[in-house]
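Spelled out, the chains give:
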Amino acid sequence: MEQICNQHQKECSRGDYTIIEDAEDSLLGLYDKPLPFFGCGIGWFSFLLGFVLPLMWYYATILYFRNYYQRDPRERTGLATCAIASLVFSVGVLILAAVILI
């Protein structure tokens, strides 16, 4: 073990480094794939569409609470935004209903 460490120190001091992966390897990583819905993801797409059809906020909220973002962590912010939007919308509807009924 000590011999390997000494050899590694000699290589580093000379500036010799090994290539970790092939430069021509074209394997796509997790984040190299574009997000669905024109690259903005289902969360942000649902947020924008929710201004026309608020049920999309509730759909994205369900996805958020079911941990849909585990598949792609880039979806988390959009889904969380929809959860907040659905909460604000629900509170607004409750206040509006209370004002109308009272």
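So, how was this worked out
In every chain, residue numbers begin from 1 and rise along the written sequence. Only residues with pLDDT of 70 or above have their local features reported here, since the model is predicted, and side-chain atom pairs are shown and tallied only from 80 upward, although totals for entire chains, interfaces and linings are computed over all residues. Note that water and hydrogens are dropped before the side-chain values are worked out from all heavy atoms of the structure. Segments assigned H or I by DSSP are reported as helices when at least four residues long, segments assigned E as strands when at least two residues long, and all are numbered from the N terminus. Areas reported as accessible are Shrake-Rupley estimates using a 1.4 Å probe. Residue values count occlusion only from the protein chains shown. Think of it in three bands: residues with accessible area under 20% of the maximum for their type are buried, residues over 50% are exposed, and the middle band is partly exposed, with areas taken using a 1.4 Å probe on protein chains only. By definition in these notes, contact holds between two residues if any of their heavy atoms fall within 4.5 Å. Within this scheme, the nonpolar core is defined by two criteria: the residues are buried Ala, Val, Leu, Ile, Met, Phe, Trp, Tyr or Cys, and they are joined through side-chain atoms within 4.5 Å. Pairing of aromatic side chains here covers Phe, Tyr and the six-membered ring of Trp, requires ring centres within 6.5 Å, and sorts the geometry by plane angle: under 30 degrees stacked, over 60 edge-to-face, intermediate tilted. UniProt positions are given in the numbering used here, feature names are shortened, and annotations may be inferred rather than shown by experiment. To estimate the expected span of a helix, subtract one from its residue number and multiply by 1.5 Å.

**Here we look at the overall build of the protein**
Alright, step 1. A tally of regular secondary structure across the protein gives four helices and zero strands.
Alright, step 2. The order of α-helices and β-strands along the protein, N terminus first, is α-α-α-α.
Alright, step 3. A total accessible area of about 8,400 Å² is found for the protein, and carbon and sulfur atoms account for 66% of it.

**Observations concerning helix α2 (residues 41–49)**
Alright, step 1. Of the positions making up α2, those classed as buried are G41, I42, G43, S46 and F47.
Alright, step 2. At its buried positions, α2 is contacted by α3 (55–65) and α4 (76–101).

**Comments concerning the nonpolar core**
Alright, step 1. I42, F47, W57, A60, L63, Y64, Y69, L79, C82, A83 and A85 form the largest nonpolar core, which has eleven residues in total.
Alright, step 2. Looking at this core, the elements with two or more residues in it are α2, α3 and α4.
Alright, step 3. Each residue touching I42, except ones within four places of it in the same chain, is listed here: P36, F37, Y59, L63, Y68, E75 and L79.

**Quick notes on unusual backbone geometry**
Alright, step 1. In this structure, N67 is a non-glycine residue whose phi angle is positive, near 60°.
Alright, step 2. Summarising the element assignment, N67 is placed in the loop between α3 and α4.
Alright, step 3. Taking relative accessible area as the criterion, N67 reaches 38% and is therefore assigned partly exposed.

**Describing the packing of aromatic side chains**
Alright, step 1. Following the criterion strictly, the structure yields eight aromatic pairs and no others.
Alright, step 2. Pairing W57 with F89 gives two aromatic rings, centres 5.9 Å apart and planes at 65°, and the pair type is edge-to-face. Of this pair, W57 sits in helix α3 while F89 sits in helix α4, placing them 32 residues apart in sequence.
Alright, step 3. With relative accessibility at 32%, the residue F89 sits in the partly exposed group.
Alright, step 4. Of the aromatic side chains, those joined through ring pairs into one cluster are W44, F47, F51, W57, Y58 and F89.

**Looking at the UniProt feature "transmembrane region" (unreviewed entry) in the protein**
Alright, step 1. Following the UniProt record, the feature "transmembrane region" (unreviewed entry) maps to residues 42–65 and 77–101 here.
Alright, step 2. Split by type, residues 42–65 is 79% helix and 0% strand. Its first and last C-alpha atoms lie 14 Å apart.
Alright, step 3. Taken as a whole, residues 77–101 contains 100% helix and 0% strand, while its terminal C-alpha atoms sit 36 Å from one another.

**Observations regarding α4**
Alright, step 1. In this model, α4 (26 residues) spans 37 Å end to end at C-alpha, consistent with the 38 Å of a helix rising 1.5 Å per residue.
Alright, step 2. For α4, the secondary structure elements touched by its buried residues are α2 and α3.

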